[in-house]
Amino acid sequence: MSGNSATLSTDVIDLVRRAHWITVFSGAGMSAESGVPTFRDAQTGLWERYDPASLATVEAWEDDPALVWGWYLWRMKLVSEAQPNPGHRAIAALADHRAVMVVTQNVDDLHERAGSEVISHLHGSLFEPRCTACRAPYHGTGTRLPAGFDITAYAEPPRIEPPSCHECLSSVRPGVVWFGEGLPRDAWRRAEHAITGSDLVLVVGTSGIVYPAAELPERALAGGTPVIEFNIEESALSPHVTESVRMSAAVGLPALLDAVGD
Ligand SMILES: NC(=O)c1ccc[n+]([C@@H]2O[C@H](COP(=O)([O-])OP(=O)(O)OC[C@H]3O[C@@H](n4cnc5c(N)ncnc54)[C@H](O)[C@@H]3O)[C@@H](O)[C@H]2O)c1
Ligand SMILES: [Zn+2]
């Protein structure tokens, strides 16, 4: 195979070669090289006047649903136009060599489009809007941006009123977990199961500051399971993990696949 694996340490390669059941735990950095900004990156761009972390809250929704709905439609469009990067594809291909469980904090569908089965979307999905009252899934046309909408032409976030539920006429909301909300119980249970059952955890592109999600790698370490972090920068998890790989997802994960596939 290619010489990518030469850039990973032998400790990292040994850990991966010995593992049978690998859980991948991904965050926003996983999709950065697909052109989907992390919240921190986003603040340097189009949305610099709005703090994305404060738009992704119950309070923002209650104050101004049209602002929040418009922001989510923009994010859905951005993700629909993005493609999985070599990191997503390497994780999908790793499943040909090892049992791989993908647990993601991401609300995009790039792991799935790369061919992975995601066992837990801890923070929900951009593509599963639902009713605020009866929780019925919404499949109507109100998830489309208006025709001819050009996001780059907007200095202000688009204000778009959320559509109404077809069952009870209440407001439809994004199917994501906002800061301050509890995680879906099933998604959390499946994630815990994957983390505690695996013999290696790969943490990719997460700052490790969003709880309770960040508890999962901590739990693996407490149980004696090695954790390898892939992050271009030091994160809150870095001091605790078994190995830190300072490579981007799209570079480090293909290198890891090469090392296992040799
Ligand atoms: N794509 C998405 O679905 C998306 C995008 C933005 C935010 N979010 C949400 O934001 C919350 C923020 O938490 P988080 O920890 O996932 O993200 P975060 O924005 O807090 O941290 C991103 C981390 O990724 C690292 N990073 C950036 N580019 C990278 C790359 N190319 N390769 C490897 N690492 C890279 C950064 O150093 C940082 O530590 C999550 O709940 C998530 O649901 C999701
Ligand atoms: Zn309803």
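Residues numbered from 1 in each chain as written. Chains lettered and ligands numbered in written order. Predicted model: local features only at pLDDT ≥ 70, side-chain atom pairs only at ≥ 80, totals over all residues. Heavy atoms only, no water.

Visitor: Hey, could you run me through the domain arrangement of the chain in this one?
Guide: As a measure of interface size, the accessible area lost when the parts come together is often cited. On domain assignment, one finds that the chain holds domain 1 (1-36 + 84-128 + 182-262) and domain 2 (39-81 + 130-173). The distance between the C-alpha centroids of domain 1 and domain 2 comes to 28 Å. Between domain 1 and domain 2, the residue contacts involve 11 residues of the former and 9 residues of the latter. A buried area of about 780 Å², summed over both sides, lies between domain 1 and domain 2, and 65% of it is on carbon and sulfur atoms. On the domain 1 side of the interface with domain 2, the three residues burying the most area are Val 36, Leu 126 and Phe 127, jointly 52% of the side's total. (Domains from an automatic or database assignment. Contact = heavy atoms within 4.5 Å. Buried area = accessible area lost by both parts, 1.4 Å probe.)

Visitor: Is there a simple way to think about the coordination of the zinc ion (ligand 2) in this case?
Guide: Tetrahedral coordination by four donors places them ideally at 109.5 degrees to one another around the metal; octahedral coordination by six donors ideally gives 90 or 180 degrees. Only Cys 131 (SG), Cys 134 (SG), Cys 165 (SG) and Cys 168 (SG) from the protein reach the zinc ion (ligand 2) as donors, at distances of 2.3 Å. Geometry at the zinc ion (ligand 2) is tetrahedral, judged from its 4 donor atoms and the angles of 99 to 119 degrees they form at the metal. All donors to the zinc ion (ligand 2) come from one chain, and their sequence spacing reads C-x2-C-x30-C-x2-C. Given the relative accessible area of 0%, Cys 131 is considered buried. (Donors = N, O, S within 2.8 Å, 3.2 Å for Na, K, Ca; no water. Tetrahedral: all angles 85-135°; square planar, octahedral: opposite > 155°, others 65-115°. Buried < 20%, exposed > 50% of the residue type's maximum accessible area, 1.4 Å probe, protein only.)

Visitor: What is the right way to read the pattern of salt bridges from this model?
Guide: When the charged atoms of two side chains lie near each other, side chains of opposite charge can form a pair. Under the counting rule described, the total for this entry stands at 9 salt bridges. The salt bridge partner of Arg 159 is Asp 64, with a shortest N-O separation of 2.8 Å. Taken together, the residues Arg 159 in the loop between strand S4 (130-131) and strand S5 (172-173) and Asp 64 in the loop between helix H5 (58-63) and helix H6 (65-81) connect sequence positions 95 residues apart. One salt bridge connects Asp 109 with Arg 113, and the closest N-O pair in it is separated by 3.2 Å. Owing to a relative accessible area of 21%, Asp 109 belongs among the partly exposed residues under this scheme. Owing to a relative accessible area of 36%, Arg 113 belongs among the partly exposed residues under this scheme. Counted as one network, the salt bridges with shared partners bring together Glu 192, Glu 215 and Arg 219. (Salt bridge = Lys/Arg side-chain N within 4 Å of Asp/Glu carboxyl O. Helix = DSSP H or I, 4+ residues; strand = E, 2+ residues; numbered from the N terminus.)

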